[in-house]
Amino acid sequence: MEPWEVGVIALAGLWAGLINTVVGSGTLVTFPVLVALGFPPVTATTSNAIGLITGSVTGAVGYRKEWSGHGRRLAKYGVASFLGAVVGAGLLLSLPPDAFETIVPILVGTSVLLVAVQPLLARRLRERPRPDRSGSPVLYLLVFLVGVYGGYFTAAQGIMLVGVMGLLVADPLQRLNAFKNTLASVVNIVAGAIYTVVAPVDWTVVGIIAASSVVGGLLGARVGRRLPPTVLRTVIVVIGVAAIVFLLVE
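Below you will find a few notes about this structure.

### With respect to the overall build of the protein
Link 1 in the chain: Looking only at helices and strands, one finds 12 helices and 0 strands in the protein.
Link 2 in the chain: If you list the helices and strands of the protein from N to C, you get α-α-α-α-α-α-α-α-α-α-α-α.
Link 3 in the chain: Across the 250 residues in the protein, those meeting the buried criterion constitute 53%.
Link 4 in the chain: Considering only residue pairs separated by 6 or more positions, the protein has 85% of its internal contacts joining residues 24 or more positions apart.
Link 5 in the chain: Accessible surface computed for the protein: about 10800 Å², of which carbon and sulfur atoms make up 69%.

### Observations concerning the packing of helix 6 (residues 71-94) against helix 8 (residues 137-152)
Link 1 in the chain: Taken N-terminus to C-terminus, the directions of helix 6 and helix 8 make an angle of 40°; their axes are 6 Å apart at the nearest point. Pair helix 6 / helix 8 crosses with right-handed handedness. Mapping the contact onto sequence places Lys76, Tyr77, Ala80, Ser81, Leu83, Gly84, Ala85, Val87, Gly88, Ala89, Leu91 and Leu92 in helix 6 and Leu139, Tyr140, Val143, Phe144, Gly147, Val148, Gly151 and Tyr152 in helix 8.
Link 2 in the chain: Grouping the constituent residues of the contact of helix 6 with helix 8 by class yields 14 nonpolar, 5 polar and 1 charged.

### Regarding the environment of Pro32
Link 1 in the chain: Position of Pro32 among the secondary structure elements: in helix 2 (residues 27-36).
Link 2 in the chain: For Pro32, a relative accessible area of 11% gives the class buried.
Link 3 in the chain: Residues Pro32 and Ala44 lie 12 residues apart in sequence; the distance between their C-alpha atoms is 8.5 Å.

### A few points about the packing of aromatic side chains
Link 1 in the chain: Going through the model one piece at a time under the given rule, you end up with 3 aromatic pairs.
Link 2 in the chain: Between Phe31 and Phe153, the ring centres sit 5.3 Å apart and the planes meet at 85°, which makes this aromatic pair edge-to-face. Here Phe31 is found in helix 2, whereas its partner Phe153 is found in the loop between helix 8 and helix 9 (157-168), with 122 residues between them in sequence. Pair check on accessibility: Phe31 and Phe153 agree, each one buried.
Link 3 in the chain: Taking the centre distance of 5.5 Å and the plane angle of 50° together, the rings of Tyr77 and Tyr140 count as tilted. Highlighted residues: Tyr77 in helix 6 and Tyr140 in helix 8, separated in sequence by 63 residues.

### Some words on the environment of Thr110
Link 1 in the chain: Mapped onto the elements of the fold, Thr110 is located in helix 7 (residues 97-127).
Link 2 in the chain: Taking relative accessible area as the criterion, Thr110 reaches 36% and is therefore assigned partly exposed.

### Some thoughts on the side chain of Glu5
Link 1 in the chain: Looking at where Glu5 falls in the secondary structure, it is placed in helix 1 (residues 3-22).
Link 2 in the chain: Lacking a salt bridge, the buried Glu5 has Lys180 as its closest oppositely charged neighbour, with an N-O distance of 30 Å.
Link 3 in the chain: Among the polar contacts made by the side chain of Glu5, one reaches the main-chain amide nitrogen of Glu2 at a distance of 2.9 Å.

Conventions we followed
Residues numbered from 1 in each chain as written. Predicted model: local features only at pLDDT ≥ 70, side-chain atom pairs only at ≥ 80, totals over all residues. Heavy atoms only, no water. Helix = DSSP H or I, 4+ residues; strand = E, 2+ residues; numbered from the N terminus. Buried < 20%, exposed > 50% of the residue type's maximum accessible area, 1.4 Å probe, protein only. Contact = heavy atoms within 4.5 Å. Areas by Shrake-Rupley, 256 points an atom, 1.4 Å probe, with all protein chains shown as cover. Axes fitted to C-alpha atoms, helices over the stretch in contact; angles between N-to-C directions. Left-handed = near helix turned anticlockwise from the far one by under 90°. Nonpolar A, V, L, I, M, F, W, Y, C, P; charged D, E, K, R; others polar. Phe/Tyr/Trp six-rings, centres within 6.5 Å; stacked < 30°, edge-to-face > 60°. Lys, Arg positive; Asp, Glu negative; His and termini not counted. Salt bridge = Lys/Arg side-chain N within 4 Å of Asp/Glu carboxyl O. Polar contact = N/O pair within 3.5 Å; in protein donor to acceptor, adjacent residues only side chain to side chain.

This is how it looks when you write it as structure tokens:
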């Protein structure tokens, strides 16, 4: 790997760690970068998922004050995310690589759309009265399904979690964001552990993203909330659209 490639991956990992903590969808930065550098899509997905574990955990710890006092409830949601991640990782490894390469532009496009409409979703969640269905079986099912998606392709799972939980529980958005960071960490850890054993992984990429995303996660937890969300979302959308074009013409 050339030094400039190491630098590009490190910058992508730094930005992804920051974005994952504040908004979500950091994978829409690192995944396109890895594919553009010539890594196969499945290898890019598995290496990226493992590499971003450290950054997602850092972000979750950084938001620990927001979920303090709700650990038991969060642990229950974590079980649903755990099971979903196992299923999603199993799908990635059992389906033919061609199937993943065919569907990944659709997944990236869906993720970009979710990022683009996230401000509208957040505003609606703030304005509308929400019932407290924190123990609803429907909520656990939806968290499980998001975990399946996250285990298969990690991008935008955080935004999905905030949307799903925001519709069914009465918690403020900052607490939902804390829940999102923790549950996304669970999915990444579980899927990453499975990938480590049975999937193609580039460990050089994992090391670079792991180190740089830790710094990004710390920045996201401490100063990322002061950055204009529009700037973060714009970067994600631009890179995501570029990734779709690249994947379609490749």
